[in-house]
Number of protein chains: 2
Amino acid sequence: MTDDLLTENTRERLLDAAEILFANKGYRAVSIREIIRAAHCNLAAVNYHFGQKRNLYLEVFRSRWIPRARRVQDAFRKSLENNPPHSLDDIVRALTDAFIQGPLSEDERQRHHQLMAREQARPSEALELIVNEVMRPFFVEVAGLLHPFMPDDMGDDALYLYLLSMFSQILYFSFARAAVTIMTGGDYNTSSFKAHISDHIVTFCLHGFGAVVEVSK
Amino acid sequence: MTDDLLTENTRERLLDAAEILFANKGYRAVSIREIIRAAHCNLAAVNYHFGQKRNLYLEVFRSRWIPRARRVQDAFRKSLENNPPHSLDDIVRALTDAFIQGPLSEDERQRHHQLMAREQARPSEALELIVNEVMRPFFVEVAGLLHPFMPDDMGDDALYLYLLSMFSQILYFSFARAAVTIMTGGDYNTSSFKAHISDHIVTFCLHGFGAVVEVSK
DNA sequence: GTCTATAGCAGGATAGAC
DNA sequence: GTCTATCCTGCTATAGAC
C-alpha cells in the first residue's frame, strides 16, 4: 500500500504513490494530502511538478500505465517470435499468458487493470489516451495475426468483439480479485491459483474463438 | 441524468437520484449536495432519512440493486419454466438473454453493472451484501442446473470459474459501453447492436463451456 | 526544488424554525 | 417531514521563505 522508495526523486515518488491510490480508490476519492503522505513529500510538491491534481492523474497514465502496457505487448510479441504460431491455440495462449502470467507482478497487474476498468466505467481524457495509444493499435495488430486462421468473410468488427470478450475476462479476473476469491475460495497469492486462472481463461477463450473456427484438440 | 419524478416521496427520490450518481461517479465523487439537487429536496433530507451519506449508499443496494437483480433472476427462471432446457445451449441462452435482453432497460443495466463493477474493484459492506444475497445463491442454483450437462468429476469450484467468465463479459459489455462503442463502432441505443452483443456473448460462452462438454452445433 | 503558511471554498453533518 | 442557517473539517491551490 505505502510506497517507501526514497531513492527516486520527488516527482517519481509522487507518480508511484498516486498510481497506487488512484487505482485503489478512484480519482476523486484520493486527496493530494493522501498522495504526498505516501510519497513522503510536501503538499506544494504536486503543484510544483504537475500544476494541478488532474495533471498528476494524466501523467500517471502517460509515464506509468502506457509503458507498462507496452511491456506486456512486447512480452506477447517476443513469445510469438520465439515460438511462431501454427494455430489459433498458439496465439490465444501467448496472448493470455502475456497478460496474466507475463512480466507484471500480481499487484502490478491488479493496479493496471483497476485503472483501466475505472476509465472504462467513467471515461475521461485518459481513456482516449488508452484507446488511441494502446488498445486500438494492439487490436489492429492482433487482428492481423488472427486473420489467417479466421473465415475469409470475417471482418475486423466481428473479430474485435471476440477480443473484447477475451480482455473482459483478463480485466475481470484482475480487478475483481476479492469477488473471485470469495466465490472460488482461491488465493491469488499462491502461484498455483494464478496458473489455474490463466489456464482457465486460455481454455475458455480458445473454445470461445472456436465458435468461428474449428479448434484442434 | 436528472431524476425528475416528483410524484414519489422524498426518500424514494433520494434513492433514485443517488443510485444514478453513485453508479456514474462512485461514492466519494458524489456530494450530498449533488444528490439533493437531482432529487429536488433539501440538504437536511439525507440526514433525516438515512442518518448519514454512507447509509444512503448502502440503502441503494438494499432497496434498489438487490430487487433489480432478483427481477433479472426471475426472468431467467421464468424463461426456463416456459422452455425446459434440453441442453447446455438452452441454459446459456436463457442466462445471457435474461441479463442482456431481459427486463432491464439499457440505462438500468449499465447503472446496475457499473455499481457492481465499482464494488468489485473496491469492495465494501455492499459487496458482502451482493455476494451473500445475490451472487452466491444464484451461482449455486445455476450450478445445479448445469450439473446434469457437465462431466461427473467436475466440482462446483471449476464450474464457478466458467460462470465468472460468462458474467465478466456481461458486466464488461454493460459498464464499458464507451470503450465497446469506440472499438466496434456500434451504438447501444440501436436494438440491433444490443441483440448483436447478446448473440455474441451467447455464442462465445456456449463454446467456452464447450471446453468441458461437447456442444451441439 | 522543497518547504511552511494560508487563502478560499466545498464537503458532511446538525440545530432549530415551521 | 421539510426547510434555512450554520458549524467545522478537509480540500485544492498559491504565495513566498529558504
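For the structure, check the block above.
Residues numbered from 1 in each chain as written. Chains lettered and ligands numbered in written order. Predicted model: local features only at pLDDT ≥ 70, side-chain atom pairs only at ≥ 80, totals over all residues. Heavy atoms only, no water.

(A) Spatial organisation of the interface of chain A and chain B. Listed per partner, the contact involves 48 residues of chain A and 48 residues of chain B. Between chain A and chain B, a total of about 4,400 Å² is buried, with carbon and sulfur atoms accounting for 69% of that surface. Seen at the junction of chain A and chain B, the total is zero salt bridges. Within the residue set of the side of chain A that touches chain B, elements represented by two or more residues are helix H1 (10–25), helix H6 (106–121), helix H7 (125–146), helix H8 (156–175), helix H9 (177–184) and helix H10 (191–209) of chain A. Looking at the side of chain A that touches chain B, the element that brings in the most residues is H8(A), giving twelve residues. (Contact = heavy atoms within 4.5 Å. Buried area = accessible area lost by both parts, 1.4 Å probe. Salt bridge = Lys/Arg side-chain N within 4 Å of Asp/Glu carboxyl O. Helix = DSSP H or I, 4+ residues; strand = E, 2+ residues; numbered from the N terminus.)

(B) Here's a closer look at the relation of the copies chain A and chain B. Taken as rigid bodies, chain A and chain B are interconverted by a rotation of 180° and an axial shift of 0.0 Å, the fit giving an RMSD of 0.0 Å. Accordingly, the operation relating the two chain copies is best matched by a two-fold axis. The position closest to the rotation axis in chain A is occupied by the C-alpha of A:Gly208, lying 2.3 Å away. Comparing contact sets, 100% of the residues at the interface of chain A also lie at the interface in chain B, consistent with an isologous, same-surface contact. (Least-squares fit on C-alpha atoms with pLDDT ≥ 70 in both.)

(C) Examining the packing of H8(A) against H10(A) more closely. All names here are of chain A. Taken N-terminus to C-terminus, the directions of H8 and H10 make an angle of 165°; their axes are 10 Å apart at the nearest point. In terms of their interaxial angle, H8 and H10 are classed as roughly antiparallel. Pair H8 / H10 crosses with right-handed handedness. Mapping the contact onto sequence places Tyr162, Leu163, Met166, Gln169, Ile170 and Phe173 in H8 and Ile197, His200, Ile201, Phe204, Cys205, Gly208 and Phe209 in H10. Its residues placed into classes, the contact of H8 with H10 shows ten nonpolar, three polar and no charged. (Axes fitted to C-alpha atoms, helices over the stretch in contact; angles between N-to-C directions. Parallel < 35°, antiparallel > 145°, perpendicular 65-115°, else oblique. Left-handed = near helix turned anticlockwise from the far one by under 90°. Nonpolar A, V, L, I, M, F, W, Y, C, P; charged D, E, K, R; others polar.)

(D) Highlighting the protein's contact with DNA strand D. Close to DNA strand D lie 15 residues, the nearest being A:Ile32, A:Arg33, B:Thr10, B:Asn42 and B:His49. Contact between DNA strand D and A:Gln52: a phosphate oxygen at 3.4 Å from a side-chain N or O atom of the residue. One of the backbone N or O atoms of A:Lys53 is found 3.0 Å from a phosphate oxygen in DNA strand D. Those elements that provide at least two residues to the surface near DNA strand D are helix H2 (32–38) and helix H3 (43–50) of chain A together with helix H3 (43–50) of chain B. Here the residues of the surface near DNA strand D sort into seven nonpolar, six polar and two charged. (Near = heavy atom within 4 Å. Polar contact = N/O pair within 3.5 Å; in protein donor to acceptor, adjacent residues only side chain to side chain.)

(E) Layout of the protein's contact with DNA strand C. Among the 15 residues in the neighbourhood of DNA strand C, the closest are listed as A:Thr10, A:Asn42, A:His49, B:Ile32 and B:Leu43. Close to the protein, within 4 Å, the atoms of DNA strand C belong to sugar or phosphate groups at a rate of 56%. Between DNA strand C and A:Thr10 there is a distance of 2.7 Å, counted from a phosphate oxygen to a side-chain nitrogen or oxygen. Elements that contribute at least two residues to the surface near DNA strand C include exactly H3 of chain A together with helix H2 (32–38) and H3 of chain B. Grouping the constituent residues of the surface near DNA strand C by class yields seven nonpolar, six polar and two charged.

(F) Representation of the packing of helix H4 (residues 53–82) of chain A against H7(A). Residues and elements named next belong to chain A. H7 packs onto H4 with a crossing angle of 10° between their chain directions and a minimal axis gap of 9 Å. Here H4 lies roughly parallel to H7, going by the angle between them. Residues belonging to the contact of H4 with H7 are distributed by class as follows: 15 nonpolar, one polar and seven charged.

(G) Examining unusual backbone geometry more closely. Residues and elements named next belong to chain A. Its identity is not glycine, yet His40 carries a phi of approximately 50°, on the positive side. Mapped onto the elements, His40 comes out in the loop between H2 and H3. Judged by its relative accessible area of 41%, His40 falls in the partly exposed class. (Buried < 20%, exposed > 50% of the residue type's maximum accessible area, 1.4 Å probe, protein only.)

(H) Inspection of the pattern of salt bridges at higher detail. Counted by the stated rule, this structure contains 36 salt bridges over all chains. For A:Glu125, the salt bridge goes to A:Arg54, with nearest N and O atoms at 3.2 Å. Of this pair, A:Glu125 sits in helix H7 while A:Arg54 sits in helix H4, and the two are 71 residues apart along the sequence. Given a relative accessible area of 42%, A:Glu125 falls into the partly exposed group. Residues B:Glu59 and B:Arg11 are paired through a salt bridge, measuring 3.5 Å at the closest nitrogen-oxygen approach. You can see B:Glu59 sitting in helix H4 (residues 53–82) and its partner B:Arg11 sitting in helix H1 (residues 10–25), a full 48 residues away along the chain. Here the salt bridges do not stand alone but share partners, grouping A:Arg11, A:Glu12, A:Asp16, A:Glu59, A:Arg62 and A:Arg64 into one network.

Geometric descriptors of this kind do not, in isolation, establish any biological role.
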